[in-house]
Amino acid sequence: MSQRIDYTKTSPAGVKALGGVYAYIAQCGLDNTLVELVYLRVSQINGCAFCLDMHTRDLLKKGLSPVKLSLVQVWQEAENVFTEREKAALLWAETVTRVAETHVPDRDFEAASAIFTAKELADLTMAIGLINAYNRLAISFRNVPQEAIDAGGAV
């Protein structure tokens, strides 16, 4: 697999605009590891190898255990591995990412609202929208994961 378009070069203003949202999320007050877990889970749902590779590396650098990392995709069955905030964020990430199927039911909103303030929930939703946008760019234009590059794969 090789990259179709390098959108960072062909649309630098668009990438800069997304980067502005990314910068906002990084400083909005949400725990950075929580946001990275959400980025990872959304990327799992969307099947984005490039983003999975990146966010896995980022979470490992932040000290997340490899076992907890491997349980993200089955967080609902992982008992006490994830905190209540992490569980609420992961549930919200799943329902918002699958909006065409879920239509974000009231029960999911109520569950998230019980854990997050209105501002936190708005910011978390922006983070979910952002990673969905990045996933779509990376998948559409075949961004190659760093692991494939490190292994001598195509660029």
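Residues numbered from 1 in each chain as written. Predicted model: local features only at pLDDT ≥ 70, side-chain atom pairs only at ≥ 80, totals over all residues. Heavy atoms only, no water.

- An unreviewed UniProt entry lists the chain under the name Alkyl hydroperoxide reductase AhpD, with Mixta intestinalis as the source organism.

## Some points on empty space enclosed by the protein
Then, number 1: For the structure on display, the rule yields one cavity of 30 Å³ or more.
Then, number 2: Of the volumes computed, that of the largest cavity is approximately 30 Å³.
Then, number 3: Lining the largest cavity, in full, are Tyr-22, Ile-25, Ala-26, Asn-32, Val-35, Glu-36 and Tyr-39.
Then, number 4: Contributions of two or more residues to the lining of the largest cavity are made by helix 2 (12-27) and helix 3 (32-46).
Then, number 5: At four residues, helix 3 tops the list of elements feeding residues into the lining of the largest cavity.
Then, number 6: A per-class count over the lining of the largest cavity returns five nonpolar, one polar and one charged. (1 Å grid on protein atoms, 1.4 Å probe; cavity = no way out; pocket = protein on both sides within 12 Å on 5 of 7 lines; lining within 4 Å. Points joined across faces, edges and corners; volume = space filled by probe spheres on them. Helix = DSSP H or I, 4+ residues; strand = E, 2+ residues; numbered from the N terminus. Nonpolar A, V, L, I, M, F, W, Y, C, P; charged D, E, K, R; others polar.)

## Some thoughts on the UniProt feature "domain: Carboxymuconolactone decarboxylase-like" (unreviewed entry) in the chain
Then, number 1: Taking the UniProt record as the reference, the feature "domain: Carboxymuconolactone decarboxylase-like" (unreviewed entry) is found at residues 22-94.
Then, number 2: Helix makes up 68% of residues 22-94 and strand 0%, whereas the separation of the span's terminal C-alpha atoms amounts to 19 Å. (UniProt positions renumbered as here; feature names shortened; annotations may be inferred.)

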